[in-house]
Amino acid sequence: MSGHSKWANIKRKKEATDSKRANIFSKLGKEITVAVKMGGSPDPNVNRKLKDVIAKAKAQNMPNDNINRCIQKAAGDSSSDNYEEMVYEGFGPCGTAIIVEALTDNKNRTAADLRSIFSKSGGSLGQTGSVGYMFDKKGYILIERTSDIDEDTLMLEVLEIGAEDFVSEDEYIEIITAPENFSNVREEIEKKNLTILEADIRQIANIKKELSDEEIDKVQNFLDKLDDNDDVQNVWHNAEI
């Protein structure tokens, strides 16, 4: 994927419509709720998982007021929905490998909905491990590249505390870490007041699937349908889009 096309995709996400943005914030709110409950504290200085989700939410331009309301609600409402983390694997249209991460209060509903989306798009849900070997779980941090960044110094510093890869393009810098080193590297970048565009733990494809223009449209439509599902948090794929 060229740097230009990747930057265009990032800007397209940032310029999402109000309805799309509301959907993104709703999903992030779920993640914050789960992070508060699983981490046992509403304090991000104590709850590392919550701190990571807050960084992810801020990278998606979620307002601080929204973030704080989600934290307070999760901390103060013991009767709120108890979400369960689920991971589904399968093949999408055109033989693409797909991993779907969901937060759900009804596993049967979520599985049925996803099975329908896969089937109607020409794909199929598979068993655990059916496509997982095509992906590596990594921490991923994307920062805006500006003229005042000393790239050599930044690279040495993040590599020293656990980054595995550092890629500089015209308009952004990608940093890849092992999952266990993600928080330390992200916090080091935050201390430098650099603009973080994306920051999360993700499944990065190690086997890519090249597609024609017609196939790209078909796969993108399928991915959009998955994103529109309320239970779906993240969708990882190996398509070259």
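As a starting point, this report considers the structure included with it. No experiment lies behind these values; they were computed from the predicted model shown.

The rules behind each value
- Residues numbered from 1 in each chain as written.
- Predicted model: local features only at pLDDT ≥ 70, side-chain atom pairs only at ≥ 80, totals over all residues.
- Heavy atoms only, no water.
- Helix = DSSP H or I, 4+ residues; strand = E, 2+ residues; numbered from the N terminus.
- Buried < 20%, exposed > 50% of the residue type's maximum accessible area, 1.4 Å probe, protein only.
- Polar contact = N/O pair within 3.5 Å; in protein donor to acceptor, adjacent residues only side chain to side chain.
- Pairing = 2+ DSSP bridges.
- Axes fitted to C-alpha atoms, helices over the stretch in contact; angles between N-to-C directions.
- Contact = heavy atoms within 4.5 Å.
- Parallel < 35°, antiparallel > 145°, perpendicular 65-115°, else oblique.
- Left-handed = near helix turned anticlockwise from the far one by under 90°.

Side note on the side chain of Lys56
Okay, so step 1: Position of Lys56 among the secondary structure elements: in helix α3 (residues 48-59).
Okay, so step 2: The exposure class of Lys56 is buried, given its relative accessible area of 12%.
Okay, so step 3: Separated by 3.3 Å, the side chains of Lys56 and Asn234 make a polar contact.

What to know about the sheet that holds strand β8 (residues 232-237)
Okay, so step 1: Taken in spatial order, the four strands line up as β3-β1-β2-β8 in an open sheet, and their pairing is antiparallel. In this open sheet, the two strands that pair with only one neighbour each are β3 (124-125) and β8.
Okay, so step 2: Two elements, strand β1 (residues 84-91) and β3, share two bridges in a ladder whose sense is antiparallel. Its bridge partner being in β3, Gly90 is matched across the sheet by Leu125.

Some thoughts on the sheet that holds strand β6 (residues 172-177)
Okay, so step 1: If you trace the four strands from one edge of the open sheet to the other, you get β5-β6-β4-β7, paired in antiparallel fashion. The open sheet has two free edges, formed respectively by β5 (163-168) and β7 (196-205), since each of these has just one partner strand. Strand-to-strand twist in this sheet, taken as the mean axis angle between neighbours without regard to direction, amounts to 20°.
Okay, so step 2: Looking at chain direction, strand β4 (residues 135-144) and β6 are connected through six bridges and run antiparallel. Residue pairing for β6: Leu142 is matched across the bridge by Glu174.
Okay, so step 3: Sitting on the sheet, helix α6 (residues 151-160) is in contact with β4, β5 and β6, with an inclination near 160° to β5.

Things to note about the pairing of β4
Okay, so step 1: As judged from the nine bridges shared by β4 and β7, these two strands associate in the antiparallel manner. Its bridge partner being in β7, Tyr140 is matched across the sheet by Asp200.

Remarks on the packing of α3 against helix α4 (residues 64-76)
Okay, so step 1: Relative to each other, α3 and α4 sit at 150°, their axes nearing to 10 Å. Relative to α4, the element α3 lies roughly antiparallel. Where α3 crosses over α4, the two elements pack in a sense that is right-handed. Residues Leu50, Ile54, Ala57 and Lys58 of α3 touch α4, and the partners they reach there are Asn64, Ile67 and Ile71.

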